[in-house]
Structures are given as structure tokens and as C-alpha cells.
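The residues making up each chain are set out below.
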Amino acid sequence: RALGPGHPDIGPVLSNSGSLAFARGRLDDALRHYRAALEVGEAALRPMHPQLGHAHNNIGETLLELGDAAGAEPHVRQAIAIWEHSLTPRHSLLASPYGVLGRSLLARGRIDEATVALEHALSLPTSAAVSSSALAVTRFALAQALWRDADARPRALELARGAHQEFVRSAA
């Protein structure tokens with residue numbers, strides 16, 4: 001039996017299509033799929049459903065990759081609000097939107113706010129749901145944020161080296 005275009009099970013299919021496009025570097029296609037998934041989810045699910053958190057996080061990350069750091073921020077903040085409400089405030093999935101938020105703030109020169117978000121992302125428990133390469137990106141962004149403070153440079157170097165090692169491992 002076919003599902004209609006507004007059926008809640010269509011959202012994850014659209015999201016998966018977006019993830020495939022994102023992985024292939026087709027960011028505009030990914031964004032289109034993620035926005036469609038969000039539209040379906042908003043029409044079919046309760047307002048704080050975790051699936052909506054995924055859609056907002058995916059949109060935010062894609063906008064950041066497209067160079068729209070300001071556009072990414074409200075989406076990842078909404079993902080954070082949804083997941084902190086529907087999961088727990090220390091759930092491992094929150095590492096992703098906090099990392100994207102930190103990178104978004106960093107890109108716009110809001111270093112102190114970025115540092116807080118990135119530190120929080122790295123303080124969360126890890127799980128298989130958060131890729132090691134995503135955590136490496138967050139570590140490297142925190143290294144960039146800390147670099148301006150001469151006293152924090154040893155830690156920044158440690159974070160950057162750890163991120164580099166993780167990138168090398170994930171590429172092997």
C-alpha cells in the first residue's frame with residue numbers, strides 16, 4: 001500500500017535522501033530534502049517530536065556547509081530545544097547541534113559563545129549515533145576558538161592534533 005506525501009513515515013525517507021545527497025556533496029539537493037522532511041514532520045508530528053530535531057539539525061548543518069552560518073543558527077538551536085525536551089539535556093545526539101552551533105558562532109566571530117557551545121558538545125557522552133569525524137570537526141573548531149588566547153594555545157594544539165589523528169583514522 002502506498003503512503004501519501006504527508007504521511008509521517010515519508011519524513012525519514014526524505015531525510016535519508018538528504019543525507020545521501022549531503023554525503024555526495026550535493027548540498028542544495030540535501031537542503032531541499034531536509035526542508036521537505038521538516039515540512040512533513042511539522043504537519044504530521046507533535047511539535048517537540050525528536051524527528052523534528054533531526055530535520056532542524058540536518059538543515060542547520062547543511063546551511064553551515066553552504067556558508068550560511070547565520071541561517072544555520074536558528075535551526076540548530078531548535079534541534080537543541082527539541083532534543084533537550086524530548087530526550088535528555090545530556091543525550092549524546094546533542095553533540096551534533098551544539099557542534100554546529102559552535103561552528104556557526106565561530107564563523108561569525110562570536111568566539112566566546114562558540115567556545116561555550118563547542119566545550120558543551122565535547123562534554124556530552126559519546127555514542128555510535130555521533131560519528132568520530134563529527135567530533136573531530138568539533139575538536140578542531142574548539143582549537144580555532146581557543147587559539148586567540150595565548151594561555152590556551154597548548155590545549156588548542158592538543159585539540160587540533162587529536163582532530164587530525166581522527167581524520168587520518170577515519171580516512172583509512
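The shown structure was predicted, so the numbers you read here are calculated from the model rather than taken from an experiment. (Residues numbered from 1 in each chain as written. Predicted model: local features only at pLDDT ≥ 70, side-chain atom pairs only at ≥ 80, totals over all residues. Heavy atoms only, no water.)

> Got a minute to help me understand the pattern of salt bridges in this structure?
One side chain can pair with another of opposite charge once the charged atoms of both are near each other. Applying the stated criterion to the full structure yields ten salt bridges. With its nearest N and O atoms 2.7 Å apart, the salt bridge here joins arginine 77 to glutamate 73. Residue arginine 77 and its partner glutamate 73 are located together in helix 4 (residues 69-86), separated by four residues, close to a single helical turn. A relative accessible area of 37% means that arginine 77 is categorised as partly exposed. A relative accessible area of 11% places glutamate 73 in the buried class. In this structure, the salt-bridge partner of glutamate 119 is arginine 155, at a minimum N-O distance of 2.6 Å. With glutamate 119 in helix 6 (residues 111-123) and arginine 155 in helix 8 (residues 153-171), the pair connects residues that are 36 residues apart, well separated along the chain. (Salt bridge = Lys/Arg side-chain N within 4 Å of Asp/Glu carboxyl O. Helix = DSSP H or I, 4+ residues; strand = E, 2+ residues; numbered from the N terminus. Buried < 20%, exposed > 50% of the residue type's maximum accessible area, 1.4 Å probe, protein only.)

> Sorry, what's going on with the packing of helix 5 (residues 95-107) against helix 6 here?
Helix 6 packs onto helix 5 with a crossing angle of 160 degrees between their chain directions and a minimal axis gap of 8 Å. The angle between helix 5 and helix 6 places the two elements in the roughly antiparallel class. Helix 5 and helix 6 meet at a crossing whose hand is left-handed. Counting all contacts with helix 5, which are made through Ala95, Tyr98, Gly99, Leu101, Gly102, Arg103, Leu105 and Leu106, the residues of helix 6 involved are Ile111, Glu113, Ala114, Ala117, Leu118, His120 and Ala121. When its residues are assigned to classes, the contact of helix 5 with helix 6 shows ten nonpolar, three polar and two charged. (Axes fitted to C-alpha atoms, helices over the stretch in contact; angles between N-to-C directions. Parallel < 35°, antiparallel > 145°, perpendicular 65-115°, else oblique. Left-handed = near helix turned anticlockwise from the far one by under 90°. Contact = heavy atoms within 4.5 Å. Nonpolar A, V, L, I, M, F, W, Y, C, P; charged D, E, K, R; others polar.)

By themselves, these figures tell us nothing about what the structure is for.
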